Amino acid sequence: MEYLSLFIKSIFVDNMVFAFFLGMCSFLAVSKNVKTASGLGLAVIFVLTVTLPLNYLLYEYILKPGALTWVSESFATVDLSFLSYIVFIATIAAFTQIVEMVVEKFAPGLYSSLGIFLPLIAVNCAILGGSLFMQERGYANVGEVCCFGLGSGIGWFLAIVTMAAIREKLAYSNIPNGLKGLGISFIITGLMGIAFMSFMGIQL
Amino acid sequence: MLNKMDKDIYKKPLFKGNPITVLVLGICSSLAVTVQLKGALVMALSVTLVTAFSSLFISLLRNTIPNRVRIIVQLVVVALFVILIDQVLKAFSYDTSKMLSVYIGLIITNCIIMGRIEAFALGNKPWPSFVDGMFNGLGYGIILVIVATVRELLGSGTLLGFRIIPESWYVQNGGFYMNNGLMILPPMALILLGCVVWVHRTIDKDLQEK
């Protein structure tokens, strides 16, 4: 039950885009049509669900203050947590690079629809943000981290697909010249954020 | 040290080629830190320093980095500077560091930095790259400060923690004024930024889309 509550919470209440503004750059750049938007969204779900547990294990067994006790008792006072940024980003960048190569080699069909987004994802703040939130909030075990990763990914996917759907319709509306394109996208994202805030306070 | 081309480097990012409102880079971190002016100023300063120094370093290394692994090398250089900033903030201004929480770490994936490295520092000499990085950071800072000023003034009636709107104006003290609670909430940052873009594009008509 706790897992389910965490999962729902990370999709709606703590939505990456609307509550924390993570991944805004690609959110605005790639949300011009639904098809590419859902491709990027799927790639984000996948990378978040895999890199978060990876980074969690790295943090828990190597970086945390006193984490190295499993090697030797004398390391109990070692605190490597200042290295967490560099380790997290290296994991994410390396992982996306490997996945890109594997997908390109074994599934060319998938590569042409999804692979082009993978390098983009290495610098998507939603992924690194997920790892940093995981570190800050101190989740108890790998299961919770997986739920959080999957939930945040789905939340991001939902956000970008709805945004793309709205923007497709926007092409036919009459908008003041200065607001066309970027300006109106910001304002719509803001309005969607207000709508998503109604999920706040839901207890499962 | 600055010739004609260099003049363009520092004029452009501040207005006509502003990283946020024109190039749409670095939006992620810009919005969450604008509830208070202090956070925005610290963030602007950190991003300016990181962009300037990582552009300088990548530019120095530009002929030795193999093309295939350049993204990882860039990320590592940027992460190095962000760790430095993070440690300095934790040591000298712990409250601010707590307030900015994960957003300091997120400077690493701030697209302005990667964008400037890819677009400028990889093909230019160190000194112009440094200047370019610095002024792009400043262009980012200007927008942050505008949004944060509006949000802090209307949302809590203060600026940098000093009270601007007198206490006696408030309804609970028998006055007529109330803070706009909406300004403190996340979505308002986006709507304000949309308005900034609108004003910018009304002044400079070349930037309008279609």
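Residues numbered from 1 in each chain as written. Chains lettered and ligands numbered in written order. Predicted model: local features only at pLDDT ≥ 70, side-chain atom pairs only at ≥ 80, totals over all residues. Heavy atoms only, no water.

## Re the overall build of chain B
When its secondary structure is counted, chain B shows 9 helices and 2 strands. Ordered by position from N to C terminus, the α and β elements of chain B give α-α-α-α-α-α-α-α-β-β-α. The C-alpha extent of chain B, read off along each of the three principal axes, is 70 × 45 × 30 Å. Across the 210 residues in chain B, those meeting the buried criterion constitute 50%. (Helix = DSSP H or I, 4+ residues; strand = E, 2+ residues; numbered from the N terminus. Buried < 20%, exposed > 50% of the residue type's maximum accessible area, 1.4 Å probe, protein only.)

## Some details on the state of the cysteines
Applying the stated criterion to the full structure yields 0 disulfides over all chains. We note that A:Cys147 lacks a disulfide partner, and the nearest cysteine sulfur, in A:Cys146, lies 7.2 Å from it. (Disulfide = S-S within 2.5 Å.)

## A word on the interface of chain A and chain B
Listed per partner, the contact involves 42 residues of chain A and 42 residues of chain B. Taken together, both faces of the contact between chain A and chain B bury some 3,700 Å²; the carbon and sulfur share is 79%. The largest share of the area that chain A buries against chain B comes from A:Phe21, A:Tyr85 and A:Phe186, three residues that together contribute 20% of it. Among the secondary structure elements, those contributing two or more residues to the side of chain A that touches chain B are helix 2 (16-20), helix 3 (24-30), helix 5 (84-106), helix 8 (125-137) and helix 10 (182-196) of chain A. Element by element, the count of residues in the side of chain A that touches chain B is highest for helix 10 of chain A, at 9 residues. Looking at the side of chain A that touches chain B residue by residue, the classes come out as 29 nonpolar, 11 polar and 2 charged. (Contact = heavy atoms within 4.5 Å. Buried area = accessible area lost by both parts, 1.4 Å probe. Nonpolar A, V, L, I, M, F, W, Y, C, P; charged D, E, K, R; others polar.)

## Concerning the nonpolar core
Counting 109 residues, the largest nonpolar core has A:Leu22, A:Met24, A:Phe27, A:Trp156, B:Met43 and B:Ile108 as the members making the most contacts within it. It is helix 4 (residues 34-63) of chain A that provides the largest number of residues to this core, a total of 10 residues. (Core = buried A, V, L, I, M, F, W, Y, C linked by side-chain atoms within 4.5 Å.)

## Things to note about unusual backbone geometry
Backbone geometry at A:Phe21 places phi at a positive 55°, although glycine is not the residue there. Examined against the element boundaries, A:Phe21 turns out to sit in the loop between helix 2 and helix 3.

## Remarks on the packing of helix 9 (residues 142-170) of chain A against helix 10 of chain A
Residue and element names in this part refer to chain A. Two numbers describe how helix 9 lies on helix 10: the axes approach to 11 Å, and their chain directions differ by 130°. It follows that helix 9 is oblique to helix 10 by the angle criterion. Regarding helix 9 and helix 10, the two cross each other, and that crossing is right-handed. On the side of helix 9, the interface is formed by Ala 159, Thr 162, Met 163, Ile 166, Arg 167 and Leu 170, while helix 10 contributes Ile 184, Ser 185, Ile 188, Thr 189 and Met 192. In the contact of helix 9 with helix 10, the residues fall into 7 nonpolar, 3 polar and 1 charged. (Axes fitted to C-alpha atoms, helices over the stretch in contact; angles between N-to-C directions. Parallel < 35°, antiparallel > 145°, perpendicular 65-115°, else oblique. Left-handed = near helix turned anticlockwise from the far one by under 90°.)

## As for the confidence of the model for chain B
All names here are of chain B. In the predicted model, chain B carries a mean pLDDT of 82, and 93% of its residues have values of at least 70. Confidence scores differ between elements of chain B, with helix 1 (residues 4-11) showing the lowest mean pLDDT of 64 and helix 3 (residues 37-61) the highest of 90. Confidence metrics for the complex model read pTM 0.83 and ipTM 0.80. (pLDDT = per-residue confidence, 0-100.)

## A closer look at the side chain of B:Thr96
Note that B:Thr96 resides in helix 5 (residues 94-100). B:Thr96 has contacts with B:Lys38 and B:Val42, leaving out every residue within four places of it along the chain.

## Examining the packing of aromatic side chains
Residue and element names in this part refer to chain B. Under the definition given, this model contains 14 aromatic pairs over all chains. Their ring planes at 70° and their centres at 5.4 Å tell us that Phe 57 and Phe 81 sit as a pair that is edge-to-face. A residue pair is termed long-range when its members are at least 10 positions apart, and Phe 57 in helix 3 and Phe 81 in helix 4 (residues 70-92) qualify at 24 residues. Exposure remark for Phe 57: the relative accessible area of 39% places this residue in the partly exposed category. Aromatic pair Trp 169 and Phe 176: ring centres 5.4 Å apart, planes at 35°, arrangement tilted. Look at Phe 176 and you get exposed, because its relative accessible area is 64%. Each residue in the set Phe 53, Phe 57, Phe 81, Trp 127 and Phe 130 is aromatic and connected to the rest through ring pairs, giving one cluster. (Phe/Tyr/Trp six-rings, centres within 6.5 Å; stacked < 30°, edge-to-face > 60°.)

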